[in-house]
Number of protein chains: 2
Amino acid sequence: MGLAPAHTPVLKKQKGAAVMDIWTNDSPIANSRRQWVPPRPAVLNGEFQVVADGVPKSPNGSGNTCDDKVKGAFPHLQGQEPVVLKSTSAGAALNGSSAPVLNGSASRTNGLQASEPKANSSARTLRVGIVLSGGQAPGGHNVIAGVLDYLTERHPGSTLLGFRGGPGGILAKDFMEITQDKMAAFRNQGGFHMIGSGRGKIEKAEDLQKAADVAQALRLDGLIVCGGDDSNTNAAVLAESFKSKGLHTGVVGVPKTIDGDLKNAQVATSFGFDTACKVYSEQIGNLMMDALSAKKYYHFVRLMGRAASHITLECALQTHPQAAIICEELHHSKQRLADIVRELADIVAARAKDGKNYGIILLPEGLIEHVPEIGALIQELNEVLADTGVDVSCHDSLVTKLTPANLAVFQFLPTEVRQQLLLDRDPHGNVQVARIETEKLLLQLLETELGRRAKEGAFSGKFAGLTHYFGYEGRCSMPTNFDATYCATLGYAAGALVAEGKTGLMATASCLDRACADWTVGGYPLVDMMCIERRRGKDKPVIRKALVELDGPVFGAYKELRQRWATEDAYRSPGPIQFEGPAANAANFTLSLELCDGQPINIA
Amino acid sequence: MGLAPAHTPVLKKQKGAAVMDIWTNDSPIANSRRQWVPPRPAVLNGEFQVVADGVPKSPNGSGNTCDDKVKGAFPHLQGQEPVVLKSTSAGAALNGSSAPVLNGSASRTNGLQASEPKANSSARTLRVGIVLSGGQAPGGHNVIAGVLDYLTERHPGSTLLGFRGGPGGILAKDFMEITQDKMAAFRNQGGFHMIGSGRGKIEKAEDLQKAADVAQALRLDGLIVCGGDDSNTNAAVLAESFKSKGLHTGVVGVPKTIDGDLKNAQVATSFGFDTACKVYSEQIGNLMMDALSAKKYYHFVRLMGRAASHITLECALQTHPQAAIICEELHHSKQRLADIVRELADIVAARAKDGKNYGIILLPEGLIEHVPEIGALIQELNEVLADTGVDVSCHDSLVTKLTPANLAVFQFLPTEVRQQLLLDRDPHGNVQVARIETEKLLLQLLETELGRRAKEGAFSGKFAGLTHYFGYEGRCSMPTNFDATYCATLGYAAGALVAEGKTGLMATASCLDRACADWTVGGYPLVDMMCIERRRGKDKPVIRKALVELDGPVFGAYKELRQRWATEDAYRSPGPIQFEGPAANAANFTLSLELCDGQPINIA
């Protein structure tokens with residue numbers, strides 16, 4: 001395992017205390033983060049009870065009213081109340097930050113010693129399982145640590161089992177016991193590598209039974225699922241199934257995804273979004289300084305985010321690019337690829353008149369799927385390529401098989417992208433959309449358009465482009481102070497919900513616009529976040545992906561400023577993530593705009 | 001200009017003091033860095049004299065003995081002595097850090113107020129020009145600030161002129177006056193955008209005359225050139241030319257390049273290398289955590305560095321990848337592409353036996369040029385493509401024109417790379433080597449090799465790869481504390497050398513293995529760093545690029561550890577650059593190994 005310095009033999013060069021750490025696998029920053037103790041909501045420091053929230057429920061978060069169909073799919077879960085952790089320590093209800101401290105953050109260290117558990121008087125031992133599901137997101141290890149700390153502090157002698165490799169690890173009964181000793185190496189570290197992750201789903205009847213058998217065999221009081229919208233939908237299915245089978249194992253979800261598209265009225269943000277956007281924004285800011293210095297390139301930056309463009313939008317607010325493509329807007333305005341290219345060409349031409357032949361364009365990786373005419377082309381290509389023995393290196397024979405509309409789109413595309421469409425096919429013969437380098441596509445189309453304008457005398461600037469993809473390096477960064485704190489809180493809350501025998505809830509932390517001490521902590525019914533969507537020809541209850549709201553404050557802020565950013569050089573360089581000093585405790589702009597109209601959020 | 005908050009109107013949302021800075025172009029980290037005052041060698045805080053170093057010169061740094069030819073090319077410069085700034089304050093010579101403080105770092109602020117200059121008694125006003133040459137490197141703005149601070153403190157009333165857009169700005173007499181007010185926005189910031197940069201050269205007789213005319217017209221006492229090996233070679237040419245024409249304008253160089261290939265016995269490192277490597281290493285560390293978590297991808301990471309592989313080597317030491325390709329080693333061992341692929345396949349196969357189907361491979365962008373058979377192929381392709389009307393989308397007709405050896409290499413290459421070789425040609429019809437995505441080439445060749453082994457039953461693992469290029473985002477990052485401090489020191493030294501009427505020297509800071517207070521500061525003759533190289537059929541005196549030394553301590557450390565890193569998961573995640581807290585003041589491993597046998601360097 002990569003980050004466990006205690007287990008790493010030091011090879012040589014032991015001349016004295018100050019030996020360079022090339023010889024171990026540790027780094028000073030990773031090491032110092034391990035020692036860092038995130039702040040904690042005051043309610044978690046004293047005695048608390050899990051009580052009904054009392055706030056009227058909003059119908060399924062999305063404002064949608066398909067309650068009855070959803071309820072029908074979850075007969076055992078429906079009707080649950082949202083809950084909140086309510087302090088029962090004297091004075092705490094009035095002022096969280098002055099609440100009596102059970103294990104105060106000032107003197108708190110990571111992981112209580114076995115000799116000093118401070119449990120509730122009613123403490124019993126619990127057996128809890130945890131699983132990480134789907135793509136990595138910064139902070140996952142802190143969720144695990146949060147659950148473990150809850151158990152250590154409130155139910156000493158309890159057991160935490162981490163299922164390896166995602167939901168598949170449950171079915172395979174592949175797990176490890178997580179102790180404070182083992183946890184120490186992973187606190188505030190990036191990655192999911194302590195127990196791994198996976199994209200498996202537990203949906204089929206036999207898998208649901210297998211999961212129930214494992215939960216029973218391991219005598220689990222609870223199972224905590226960290227995942228995105230799909231994984232939490234799956235958590236609800238599991239909770240329903242366990243309850244219907246009479247199991248006492250509660251299932252609790254934790255909102256994870258760097259894409260930021262798992263949120264609603266009760267879940268302000270998913271963990272990992274803050275860190276990933278800050279990693280990308282640093283790099284974009286650096287590119288901007290480079291563009292401004294060299295004055296000769298347009299940089300096209302593709303960012304993660306397929307269904308939703310939250311990452312691109314947040315990064316745009318952080319850095320002020322010439323343009324950022326927001327798929328939700330494209331979709332709404334029914335823009336075609338040629339329209340996007342024309343708009344970008346207009347910006348390039350306007351800047352060229354000011355002598356500025358450089359700039360930065362941001363785009364989400366989901367763009368290619370959101371452009372209607374490319375979608376249609378891909379669909380036809382899949383069919384044509386599937387049943388012919390076309391020589392794809394010379395595509396003359398292919399093009400005769402396309403309908404005229406799709407052929408026109410195909411011929412509009414640059415050669416390299418045509419090649420990607422023809423060559424990069426999956427084992428079923430389908431075009432691999434994710435492999436298409438949309439940033440190159442856009443650059444090449446823009447080159448073509450500007451060339452055309454130049455011939456017509458409508459453009460006399462210089463144009464040269466460079467492309468970038470910022471993706472995987474944002475998923476496993478060390479979490480920001482915000483994500484580290486948010487995750488530890490969610491983990492602690494999930495532990496508390498499981499201990500109370502709750503099931504089918506998502507752990508939540510609210511009032512994130514305040515200092516961490518004043519956050520409220522609770523659980524919200526997964527079923528009440530769901531609505532019915534048509535998937536593969538069937539109505540299915542799902543947690544709907546939260547898309548960028550075109551009339552919301554985040555897109556509103558961008559819309560207000562983007563005209564100015566397009567032509568001016570209003571670049572903003574956020575710099576590298578800091579764990580101490582200025583902005584170390586600030587949350588992202590998306591949260592600031594959504595929760596408190598642009599007032600900066602500082603968790604400390 | 002991007003980073004000047006004082007000049008940026010605030011649009012709206014002025015509800016109170018705590019307004020989110022989306023509405024300005026400033027970021028809290030950028031802003032706090034502006035206020036940061038780098039530490040300073042003690043000698044710069046008191047009175048000092050510029051005196052001959054007294055240390056015997058090593059012949060032209062490279063150990064080469066072509067002195068006479070070089071001397072012949074620089075008759076007016078040859079014979080210069082290295083110089084050092086020697087403290088004349090009482091006690092300072094004995095203990096730098098307890099020297100009387102002229103403008104002590106504890107209370108020092110950025111840019112003295114006009115009311116408090118503390119000049120030498122002999123202060124006269126100077127007129128100095130500065131130019132940034134070549135690619136961006138973190139710290140450039142601090143060199144300018146260092147020169148300005150020298151002038152403000154020691155020669156109040158002096159003038160600093162920044163030539164815009166590189167050496168071309170000198171010829172075009174395009175400059176701006178740099179004042180403390182203007183400088184404030186750029187201190188400790190990334191980029192070269194205050195005055196820009198450019199790749200122009202001043203070599204031809206008429207350009208040398210033009211530069212002399214400008215220097216005379218502007219009455220320059222000195223011209224400071226920040227650049228890499230080529231630009232500093234050019235600085236020597238300029239110094240010789242100015243002196244031969246009887247101009248009193250001194251020319252002083254400053255060693256700049258992220259590639260780290262401008263160094264020798266007197267110049268420990270070039271500025272920017274430290275920051276760029278830390279930016280890349282953070283991202284690589286993140287990818288490693290991702291690889292370790294997902295356990296399904298090999299990541300191929302291309303890094304900057306064409307002639308020399310210092311960046312790849314430093315990043316390998318920082319992160320511990322499965323393999324890092326060092327071009328100097330390839331060159332020495334005369335390895336072909338197929339050899340590299342075979343070695344990588346061996347590593348993948350060995351790991352697959354342990355159930356590890358993931359990993360990280362680092363490669364420098366110069367790789368493609370260092371592989372002999374690709375070089376030969378490109379040369380022939382350039383000729384073939386130049387004089388035929390080949391339809392490059394169907395290359396059947398082309399391949400018949402290649403010699404059998406090159407045809408074999410061509411057919412060994414993956415389709416996508418063949419397309420890049422055929423399609424990406426510059427206006428002269430030449431293949432654009434830099435556009436070839438070597439990381440993809442290597443990945444695809446490895447896929448082919450592993451497929452072959454699988455058919456033969458020699459490989460039964462899974463293999464899937466992802467490619468990355470980390471380049472431009474490292475050139476304009478905010479400089480690390482090391483680079484910020486090194487640059488401010490070099491700038492201050494350059495100012496002092498110019499004031500002393502020196503010319504043809506490179507500003508140097510030495511003893512970098514000690515705390516900054518104890519660094520020595522001086523100047524070394526550019527001519528003594530030069531040797532004769534054959535360029536375009538002519539003998540030319542140049543500053544030789546410093547390549548990775550295969551018998552040096554840095555490659556030695558890698559060689560000792562790489563076998564272990566290949567199969568084990570010994571990943572090291574350095575985390576984001578920190579400006580406060582652990583490791584904030586540490587220098588890179590390359591410097592630590594070269595200067596002090598792996599003892600960590602801490603400048604504070």
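Calculation rules
Residues numbered from 1 in each chain as written. Chains lettered and ligands numbered in written order. Predicted model: local features only at pLDDT ≥ 70, side-chain atom pairs only at ≥ 80, totals over all residues. Heavy atoms only, no water. Buried < 20%, exposed > 50% of the residue type's maximum accessible area, 1.4 Å probe, protein only. Helix = DSSP H or I, 4+ residues; strand = E, 2+ residues; numbered from the N terminus. Pairing = 2+ DSSP bridges. Right-handed = clockwise from strand over helix to strand, strands pointing away. Salt bridge = Lys/Arg side-chain N within 4 Å of Asp/Glu carboxyl O. Core = buried A, V, L, I, M, F, W, Y, C linked by side-chain atoms within 4.5 Å. Contact = heavy atoms within 4.5 Å. Domains from an automatic or database assignment. Buried area = accessible area lost by both parts, 1.4 Å probe. Polar contact = N/O pair within 3.5 Å; in protein donor to acceptor, adjacent residues only side chain to side chain. Nonpolar A, V, L, I, M, F, W, Y, C, P; charged D, E, K, R; others polar. UniProt positions renumbered as here; feature names shortened; annotations may be inferred.

J.: Would you mind going over the pairing of strand 4 (residues 159-163) of chain B with me for this structure?
T.: Looking down a regular strand, the side chains alternate between one sheet face and the other. Residues and elements named next belong to chain B. Counting buried positions over the five residues of strand 4 gives five, a clear majority of the element. Burial along strand 4 is two-sided: the face carrying T159, L161 and F163 and the face carrying L160 and G162 are both buried. Pairing geometry for strand 3 (residues 127-132) and strand 4, over four bridges, is parallel. Residue R127 lies in a different strand from strand 4, and its bridge partner there is T159. What joins strand 3 to strand 4 is helix 3 (residues 140-154), and the crossover it makes is right-handed.

J.: Just checking my understanding: could you explain the pattern of salt bridges for this structure?
T.: Pairing is possible between side chains that carry opposite charge, provided their charged atoms lie close to one another. Residue and element names in this part refer to chain A. Evaluation of the coordinates by the stated rule reveals 52 salt bridges over all chains. D174 is paired through a salt bridge with R164; the nearest N and O atoms lie 2.8 Å apart. Of this pair, D174 sits in the loop between helix 4 (167-171) and strand 5 (175-177) while R164 sits in the loop between strand 4 (159-163) and helix 4, and the two are ten residues apart along the sequence. Ionic pairing is found between E203 and K540, a salt bridge with its closest N-O pair at 3.1 Å. Of this pair, E203 sits in the loop between helix 5 (180-183) and helix 6 (205-217) while K540 sits in strand 15 (residues 538-543), and the two are 337 residues apart along the sequence. The partly exposed category is assigned to E203, whose relative accessible area is 38%.

J.: Where do I start with the nonpolar core in this structure?
T.: The nonpolar side chains of soluble globular proteins are, as a tendency, buried together. Y280 of chain A together with Y280 of chain B are the most contacted members of the largest nonpolar core, which has 273 residues in total. Y280 of chain A has contacts with I258, L303, M304, I311, C315, F470, G471, G474 and R475 of chain A, leaving out every residue within four places of it along the chain.

J.: Help me out: how do you make sense of the sheet that holds strand 8 (residues 298-303) of chain B in this one?
T.: Hydrogen bonds between backbone groups are what pair the strands of a sheet, and the pairing can be parallel or antiparallel. Residues and elements named next belong to chain B. Overall, parallel pairing links the four strands, which are arranged 9-10-8-11 in an open sheet. Since the sheet does not close on itself, it has two edges, and those belong to strand 9 (323-324) and strand 11 (465-470), each with one partner. Taken together, the six bridges between strand 8 and strand 10 (residues 359-364) define a ladder with parallel strand orientation. Paired with R302 across the strands is L363, a residue of strand 10.

J.: Just checking my understanding: could you explain the domain arrangement of chain A for this structure?
T.: How large an interface is tends to be reported as the accessible area lost when its parts come together. Residue and element names in this part refer to chain A. Examined at the domain level, chain A breaks down into domain 1 (36-94 + 125-272 + 479-543) and domain 2 (274-474 + 552-596). Buried surface at the junction of domain 1 and domain 2, summed over both partners, amounts to about 1500 Å²; 59% is from carbon and sulfur atoms. Taken as a group, I258, T480 and N481 account for 32% of the area that domain 1 buries against domain 2, more than any other trio of residues on that side. At the junction of domain 1 with domain 2, the criterion picks out one salt bridge. Taking the shortest distance from any N to any O, the salt bridge between E594 and K263 comes out at 2.7 Å. Here domain 1 is connected to domain 2 by ten residue pairs in polar contact (both at pLDDT 80 or more). Grouping the constituent residues of the side of domain 1 that touches domain 2 by class yields six nonpolar, five polar and five charged.

J.: So what exactly am I meant to see when it comes to the environment of H141 of chain B here?
T.: Residues and elements named next belong to chain B. Inspection of the secondary structure puts H141 in helix 3. Residues H141 and R127 lie 14 residues apart in sequence; the distance between their C-alpha atoms is 19 Å. Excluding anything up to four places from it in sequence, H141 contacts M183, F186, Q189, G190, G191, F192, H193 and M194. Of note is the side chain of H141, whose polar atom sits 3.4 Å from the backbone oxygen of G190.

J.: Please explain the UniProt feature "site: Important for catalytic activity" (unreviewed entry) in chain A as it appears in this structure.
T.: Residues and elements named next belong to chain A. Using the residue numbers shown here, the UniProt feature "site: Important for catalytic activity" (unreviewed entry) corresponds to K256. Here K256 shows up in the loop between strand 7 (250-255) and helix 8 (273-294). For K256, a relative accessible area of 4% translates into the label buried. When neighbours within four sequence positions are excluded, K256 is seen to be in contact with S133, G134, G135, A137, F192, C226, G227, G228, L262, S270 and F271.

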